[in-house]
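# Analysis of the macromolecular model
One-letter residues, chain by chain:
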Amino acid sequence: MVGVPVVLGVRRSAPVPVPGAPDAGAALVDGYGRVHRDLRISLTDRCSLRCTYCMPEQGNEWLARSSILTTDEIVRVAEVAAAAGITTFRLTGGEPLLRADIADVVSRLARITGPGGPVQVAMTTNGIRLPDLLPGLIAAGLARLNISIDTLDRDRFHRLTRRDRLDEVRAGIAAAAASGLRPLKLNAVAMRGINDDELCDLVDYAVTHDAELRFIEQMPLDAGHTWDRDAMVTREEILATLAGRWDLTPVPGRHGAPAERFLLDGGPATVGVIASVTAPFCGDCDRLRLTADGQLRNCLFSTSEYDLLPTLRGTDSRTVDAVLRACVRGKLPGHAINDPSFLQPARGMNAIGG
Ligand code: SAM
Ligand code: SF4
């Protein structure tokens, strides 16, 4: 095997060179001119909740434990990605805080430097373990947090996540609010007949925690393949509801970010809407995904993946850089959810990494 000679976990001032790779060090530009700067790293497909839009209640087919990337393997991929211009690692899952060595993962990723300087480490979490883990994560170098909360009602939360753990999520959000990590974002999937009467309450809750609520249109990524377009609350409906309560002023300078942001009554508080289905932002997409079992994906909705495990475990002579670039080259112009030929990926969101 032609390995990628990286020095693991060592603070550096310059990016790692990748000898032998013709494009080594060049930016990750796809066939449509999109430059990739954001790598979502899924640390596990396991979770402490069972959100209906993400996982089945029972019978989930878990990834084989032997296929889950070790921390050394994750760091190896991350170093090559940073050398190619990735500037943010977002840790996700499943629930990233279930990874036993999470502080070590954060600490090793936070020490990686790319051509533009240190890479930022962010995390999307359900918040449940934050009260215990947050101080250690901040000390390890965690820069930003997104925490998911879809309802403030305990019974609803129980039905929606199949777990009675709303108080723990709220404690996690309180811990994040009390920390210095900013901007703090709260994610909520808007669902008809489930939480669409709570949108303004969720925004109020976020504002009292010095956070931005970001509403996400529900996407066809549930493991049970039960997504129903008619049940999806659209961007337009979300904005109409919010506009009944606040004056919404668009925040300029979106710069390809997935969330369209608005000042609430002139600010400084803001709200965001991520309209992945009705107003896709694929033209500006700068993301790649690494699943917990070592598959590179160039889109949430990809039906094909680029397998890094053989490279990482010595049975494929291609370098990590070469597989990364093949993944970027294979990226389609858009996700085509709205196309009649759209096929939902086989993996549920928990195994892709949101
Ligand atoms: N467990 C963590 C959490 O819930 O924040 C991280 C993983 S979760 C897959 C990441 C984000 O994806 C969450 O904000 C969740 O609400 C969102 N998500 C999951 N399934 C979704 C779907 N079908 N449509 C839209 N968003 C979804
Ligand atoms: Fe778990 Fe997050 Fe999926 Fe909910 S959305 S089941 S918290 S991975």
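Before reading on, note that the structure itself is shown above.
### So, the site of ligand 2
Close contacts around ligand 2 come from Cys47, Leu49, Cys51, Tyr53, Cys54, Met55, Gly94 and Asn126, and that covers them all. In terms of residue class, the shell around ligand 2 is made up of 6 nonpolar, 2 polar and no charged.

### Section: unusual backbone geometry
Of note, the amide linkage connecting Gly93 to Gly94 takes the cis form, showing an omega dihedral of 25°. Structurally, the position occupied by Gly94 is in the loop between β2 (88-92) and α2 (102-110). Cis rather than trans, the peptide bond between Gly267 and Pro268 has omega equal to 5°. Counting through the fold element by element, Pro268 comes out in the loop between β10 (260-264) and β11 (270-274). Phi at Asp210 takes a positive value of approximately 55°, unusual for a residue other than glycine. In the Ramachandran plot, Asp265 falls in the positive-phi region, its phi being about 50° despite a non-glycine side chain.

### Considerations on α2
Of all the positions in α2, only Ile102, Val105, Val106, Ser107, Arg108 and Leu109 are classed as buried. Against the buried residues of α2 lie β1 (38-42), α1 (71-83), β2, β5 (120-125) and α3 (130-140).

### So, the environment of Ala259
Relative to the assigned elements, Ala259 resides in the loop between β9 (248-250) and β10. For Ala259, a relative accessible area of 3% gives the class buried. The spatial distance from the C-alpha of Ala259 to the C-alpha of Leu300 is 16 Å, given a sequence separation of 41 residues. The residues touching Ala259, leaving out its near neighbours within four places in the chain, are Arg214, Arg254, Val273 and Ile274.

### Side note on the packing of α2 against α3
At a closest axis distance of 8 Å, the pairing of α2 and α3 adopts a crossing angle of 20°. In this view, α2 runs roughly parallel relative to α3, as classed from their interaxial angle. Seen along the crossing, α2 lies across α3 with a hand that is right-handed. Contacts between α2 and α3 involve Ile102, Ala103, Val106, Ser107 and Ala110 from the former and Leu133, Leu137 and Ala140 from the latter.

### A few points about the site of ligand 1
Near ligand 1 there are 19 residues, and of these Tyr53, Gly94, Glu95, Ser148 and Met219 occur at the shortest range. At 2.6 Å from an oxygen atom of ligand 1 is found a side-chain nitrogen or oxygen belonging to Ser148. Here ligand 1 loses 95% of its free accessible area of 540 Å² to cover by the protein chains. At the level of elements, β5, β7 (184-190) and β8 (211-217) are the ones that each hand at least two residues to the shell around ligand 1.

What counts, and at which threshold
Within every chain, residues take consecutive numbers counted from 1 along the sequence as written. To read the labels, note that chains go from A and ligands from 1, taken in the order they are written. Local features in this predicted model are restricted to residues whose pLDDT is 70 or higher, and side-chain atom pairs enter the listing and the counts only when it is 80 or higher, whereas totals over whole chains, interfaces and linings include all residues. By convention in this description, side-chain values take in all heavy atoms of the structure and omit both hydrogens and water. Put simply, a residue is near a molecule or strand once any heavy atom of it comes within 4 Å of that molecule or strand. Any residue that is not Ala, Val, Leu, Ile, Met, Phe, Trp, Tyr, Cys, Pro, Asp, Glu, Lys or Arg is counted as polar, Gly included; the first ten are nonpolar and the last four charged. The numbering of helices and of strands both runs from the N terminus, where a helix is a DSSP run of H or I of at least 4 residues and a strand a run of E of at least 2. Burial here depends on accessible area, computed with a 1.4 Å probe over protein chains only, as a share of the maximum for the residue type. Under 20% is buried, over 50% is exposed, and the range in between is partly exposed. The contact criterion used is simple: two residues touch if any of their non-hydrogen atoms lie within 4.5 Å. Note on definitions: angles span 0 to 180 degrees between N-to-C directions of axes, and those axes are lines fitted to C-alpha atoms, for helices only across the stretch in contact. Every angle not falling under 35 degrees, over 145, or within 65 to 115 is termed oblique; those three ranges are roughly parallel, roughly antiparallel and roughly perpendicular. Put simply, a crossing is left-handed when the front helix is turned counterclockwise from the back one by less than a right angle, and right-handed when it is turned clockwise. Two N or O atoms count as a polar contact when they lie within 3.5 Å, although within protein this holds only if one can serve as hydrogen donor and the other as acceptor, and sequence-adjacent residues are included solely when both atoms are side-chain atoms. Using a 1.4 Å probe, accessible areas were evaluated by the Shrake-Rupley method; residue-level cover was limited to the displayed protein chains.

On their own, these measurements won't tell you what the molecule is for.
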